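In case you want the letters, here they are:
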Amino acid sequence: MFRVTTNRTLAVMAAAAALSALTLGCATAAANDSSLPKPAAAKSPAAPQIAVYRWGAPKGPAQVDAFAAWLGQPGIWGEDFQPSQHWYGVEGGSWQTGPWSEWKKKQAGRKLILSVTLLPGGWNRSGPTTGPDAGKPVSFTAAAAGDYNSHFKALAENLVKAGLGDSILRLGWEMNGGWYTWRAGNNEKLFAEYWRQIVTTMRAVPGAQDLKYCFNPASGWLQFPAEACYPGDDYVDYIGVDLYDQSWAPNTYPLPKDATADDILTRQKLAWKELLWGNHGLMFWSKFAADHKKPFTIPEWGVCHRGDGHGGEDNPFFVEQMAKFINDPANNVAWHCYFDVTAGDGDHLLSPGAPGEKPTVFPQSSAKFKELFGGPSLSASGK
């Protein structure tokens, strides 16, 4: 843009230049004067906390440590799942809480993320297979009436006793899918009331006030819109979603056997677009968390090989996009957990794994994960 400079403007500019020089001189003198107090360095926002699932107790804690050493991130949190066949498991048996308690004591800042079973027993809700009330059918009607509260009171007491009273609980995770006993389809209001019963019961236990509760559906449109069973902001500390590199969208997966590298990447990008922006995808739940003023989390995520071919296979692009999303302050991600195992329904393993475990089938994704999430000083075992 053309500017017209007047004599008055020149005078003002000269005065400003003189003042600037004086200010610079004072600042330089102050910087050279060691007797003056130095301003505190600006603090950069903390990176989202990373966690890992490396199988459960009793071996899980040691395998979390092995993953942390491989990644060069000693402060990694651990994740575990309760057994689903009996109320004993729901109550937090010492076989599970004990190893995690010892693991937590060894290093400050460690935390357990525990996936909590809401209705034990078979998929048909015929009830626990062993222990108290074995063979007695379970239901959301009974749950919402408070019939199972005593089991969650025991869980809170056992967590506090084990020094795990600051754990994060994923109550009835992936309730919008059809695969768990606690699937909430057609019982959305009862699920929400059951959640409120549980949280109210556990918060009343002395020492359990630091337990946190994560509302955690699976990604995508499944049995019903999962927000229909949201229990209310007073009963939730985190809102999260589980996300894997798998897709049934057109022109994504399975990857054709004769696909070129460019074709594979094109399909992986289309799959990511669907995972990010699709119906009840990552952005939907991120916004849902923001609307409810809750930190966002990703309690399970991973690259994926599936037997039916609907996984993205070795996909460093997916890892890169997840890292961008997780580390973008706009998404307010508090923590995320990589699902680092070869499970029965899919392979997600990136790390060297446990002794005797088969090596990763995702070498490019493994290298990208280590590059983007690894610590500044990697251990010898990770080289």
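Here, every reference points to the structure presented above.
In what follows, the accompanying structure is described. From a predicted model like this one, the values you see are computed outputs, not experimental measurements.

Positionally, valine 90 belongs in helix 3 (residues 87–90). Look at valine 90 and you get buried, because its relative accessible area is 0%. Measuring from C-alpha to C-alpha, the distance between valine 90 and phenylalanine 152 comes to 7.3 Å, with 62 residues separating the pair along the chain.

This part is about the pairing of strand 4 (residues 168–171). Residues Ile168 and Arg170 of strand 4 are buried on one face, and the alternating residues Leu169 and Leu171, pointing to the opposite face, are buried as well. Sheet topology note: the strand 3 (residues 112–116)/strand 4 ladder contains 4 bridges and is parallel. If you follow valine 116 over to strand 4, its bridge partner there is leucine 171. As defined by bridge partners, strand 4 adjoins strand 5 (residues 212–215) across 2 bridges and the pair is classed as parallel. Residue pairing for strand 5: leucine 169 is matched across the bridge by tyrosine 213. The parallel pair strand 4 and strand 5, bridged by helix 7 (residues 188–203), forms a crossover whose chirality is right-handed.

All right, on to the packing of helix 8 (residues 261–277) against helix 10 (residues 316–327) then. The geometry of helix 8 relative to helix 10 is characterised by a closest axis approach of 10 Å and an angle of 30° between their N-to-C directions. Crossing geometry of helix 8 relative to helix 10 is assigned as right-handed. Contacts between helix 8 and helix 10 involve Leu265, Gln268, Lys269, Trp272, Leu275 and Leu276 on the former and, on the latter, Phe317, Phe318, Gln321, Met322 and Phe325. Split into classes, the residues belonging to the contact of helix 8 with helix 10 amount to 8 nonpolar, 2 polar and 1 charged.

Rules used throughout
Residues numbered from 1 in each chain as written. Predicted model: local features only at pLDDT ≥ 70, side-chain atom pairs only at ≥ 80, totals over all residues. Heavy atoms only, no water. Helix = DSSP H or I, 4+ residues; strand = E, 2+ residues; numbered from the N terminus. Buried < 20%, exposed > 50% of the residue type's maximum accessible area, 1.4 Å probe, protein only. Pairing = 2+ DSSP bridges. Right-handed = clockwise from strand over helix to strand, strands pointing away. Axes fitted to C-alpha atoms, helices over the stretch in contact; angles between N-to-C directions. Left-handed = near helix turned anticlockwise from the far one by under 90°. Contact = heavy atoms within 4.5 Å. Nonpolar A, V, L, I, M, F, W, Y, C, P; charged D, E, K, R; others polar.

Purely geometric stuff here, so don't read any function into it on its own.
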